[in-house]
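# Survey of secondary and tertiary structure
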Amino acid sequence: MAHNVLAGFAFFAYMAGLTSTLGVLIAAINSQARLIFNAGRERLLPAWLGRVNPKHQTPVNALYAFTGIAGFIIVVWLLGHLIGGDGGSMDPFNFFFESSTMGTILVLVVYALANAALPFYYRRYRPQEFSVVKHVILPFLGLVAIAVPVYYLTKPGQSQPYNWFPYAALAIVVIAVIYSIFLSRRDPGLGDRVGSIIADE
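What you are looking at is a predicted structure, and each value in this text was computed from that prediction instead of being measured. (Residues numbered from 1 in each chain as written. Predicted model: local features only at pLDDT ≥ 70, side-chain atom pairs only at ≥ 80, totals over all residues. Heavy atoms only, no water.)

## Quick word on the pattern of salt bridges
The tally for this structure, following the rule as stated, stands at 1 salt bridge. Among the ionic pairs, Arg-126 bridges to Glu-129, the shortest N-O distance being 3.8 Å. Judged by its relative accessible area of 38%, Glu-129 falls in the partly exposed class. (Salt bridge = Lys/Arg side-chain N within 4 Å of Asp/Glu carboxyl O. Buried < 20%, exposed > 50% of the residue type's maximum accessible area, 1.4 Å probe, protein only.)

Set out below in structure tokens:
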């Protein structure tokens, strides 16, 4: 639009896009590093991820871990396209489409588990606040709503690499379950303490 209407101002449109993109990237790194940092402090992940820089008090290990993992994902995506012989589709838009599809599947899994766990949480920890409408019916409707996009994201017959995304997501979920079982057996009280550091702050 800047080119067609006010071509002289196209530069400012590009600068606005650049700064907004950088802002989103900084916000994403900060939020994800904070999650990794807290998980390290609570021993859900290795303890070194929960350490801060002695001078600046920043979660530098978590920042390195997140940027390293993000870079690794990009490299795997690149190699996958090179090995698969589909190098022509290695553009930022295609990476966005593929990574957001894969990520959406996992996010929907988290949303579904949160809906399924809600009635059990309220029955156990806040029985006086338990409501059949709010804590059973509404979460069930949420599960039904989540099932629709999950179906279309995982249905058979999709083109590559979308056809193997459901299997990759399933593998990640299985690994997460095995890891959680390992953590629970190593420290039976861990589940009751998760979030306590954040709550105390």
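From this point on, the discussion continues.
## Topic: the packing of aromatic side chains
The tally for this structure, following the rule as stated, stands at 8 aromatic pairs. Centre to centre, the rings of Trp-77 and Phe-95 are 4.9 Å apart; their planes meet at 75°, and the pair counts as edge-to-face. In this pair, Trp-77 is assigned in helix H3 (residues 60–83) and Phe-95 in helix H4 (residues 92–125), connecting sequence segments 18 residues apart. The class for Trp-77 is buried, based on a relative accessible area of 17%. Phe-95 gets classed as partly exposed once you look at its relative accessible area, which sits at 23%. Arranged with centres 5.5 Å apart and planes meeting at 85°, the rings of Tyr-121 and Tyr-122 form a pair that is edge-to-face. We classify Tyr-121 as partly exposed; its relative accessible area is 38%. Through a chain of ring-to-ring contacts, the aromatic side chains of Tyr-121, Tyr-122 and Tyr-125 assemble into a single cluster. (Phe/Tyr/Trp six-rings, centres within 6.5 Å; stacked < 30°, edge-to-face > 60°. Helix = DSSP H or I, 4+ residues; strand = E, 2+ residues; numbered from the N terminus.)

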